[in-house]
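Residue strings, one per chain:
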Amino acid sequence: MSLQSDAVFQKIIDGLKDNAAKAKAINGVFLYKITKDGKVAKEWTLDCKSAKAYEGPAQGVKVDTTLTVSDEDMVDIALGKLNPQAAFMKGKLKIAGNIMLTQKLAPLLKTDAKL
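What you see is a predicted model, and the numbers here were worked out from it, not measured in a lab. (Residues numbered from 1 in each chain as written. Predicted model: local features only at pLDDT ≥ 70, side-chain atom pairs only at ≥ 80, totals over all residues. Heavy atoms only, no water.)

Visitor: Would you mind going over the overall build of the protein with me for this structure?
Guide: Along its length, the protein carries 5 helices and 5 strands. Listing every helix and strand of the protein by position from the N terminus yields α-α-β-β-β-β-α-α-β-α. For a compact globule of 115 residues, the expected C-alpha radius of gyration is about 13 Å, and the protein comes in at 13 Å, within 12% of that figure. Each principal axis of the C-alpha distribution contributes one length, and for the protein these read about 35 × 30 × 30 Å. Burial analysis of the protein (115 residues in total) assigns 42% to the buried set. (Helix = DSSP H or I, 4+ residues; strand = E, 2+ residues; numbered from the N terminus. Rg over C-alpha atoms; globule rule 2.2 N^0.38 Å. Buried < 20%, exposed > 50% of the residue type's maximum accessible area, 1.4 Å probe, protein only.)

Written as structure tokens, this is what we have:
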């Protein structure tokens, strides 16, 4: 299944290649559960410890933080239309695990791309 947020994760993958040191400074593993119509449609792993991201559950690493967000809201967060803190407060973004690590992610996830 193809989702709008796939483009966001492709941008993250490309960004990690250019900013490996910045990613490794975050020193965390994040699992994104992207939902469509209320069900998890796709999972992405963002492994900042080794500066890589890939589709699917974490492979051989412990996940520090799990983020669950709808496809549309993930795109809006990436484009800056939806503030991640506001999304969390409104229940649009659910976070389990080390919530403080997610605050370090913002600079890495900013995108100027038109999706």
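The rest of the description comes next.
Visitor: What should I look at first to understand helix 1 (residues 6-18) in this one?
Guide: The periodicity of an α-helix, 3.6 residues per turn, causes residues three or four positions apart to be oriented the same way. Spanning 13 residues, helix 1 covers 19 Å between terminal C-alpha atoms, matching the ideal 18 Å at 1.5 Å per step. Of all the residues in helix 1, the buried ones are D6, V8, F9, I12, I13 and L16. Buried residues of helix 1, seen end-on, are gathered within an arc of 155 degrees and therefore sit on one face of the element. Exposed side of helix 1, more than 90 degrees from the buried face: K17 and D18 are the residues found there. (Expected span 1.5 Å × (residues − 1). Arc of directions from axis to C-beta.)

Visitor: Explanation requested: unusual backbone geometry in the structure shown.
Guide: Negative phi is the rule for most residues except glycine; trans is the rule for most peptide bonds. Positioned with a positive phi, N27 is a non-glycine residue whose angle comes to about 55 degrees. Position of N27 relative to the elements: it lies in the loop between helix 2 (20-26) and strand 1 (29-36). Its relative accessible area of 47% is what places N27 among the partly exposed residues. In this structure, D37 takes a positive phi of about 55 degrees despite not being glycine. One can find D37 in the loop between strand 1 and strand 2 (39-47). Using a relative accessible area of 73% as the deciding quantity, one classes D37 as exposed.

Visitor: Please explain the pattern of salt bridges as it appears in this structure.
Guide: Per the counting criterion, the structure on display carries 6 salt bridges. One salt bridge in this structure joins E72 and K36, with 2.8 Å as the shortest N-O distance. Residue E72 is found in helix 3 (residues 71-79), and its partner K36 is found in strand 1; the two are separated by 36 residues along the sequence. When its relative accessible area of 29% is taken as the criterion, K36 is described as partly exposed. (Salt bridge = Lys/Arg side-chain N within 4 Å of Asp/Glu carboxyl O.)

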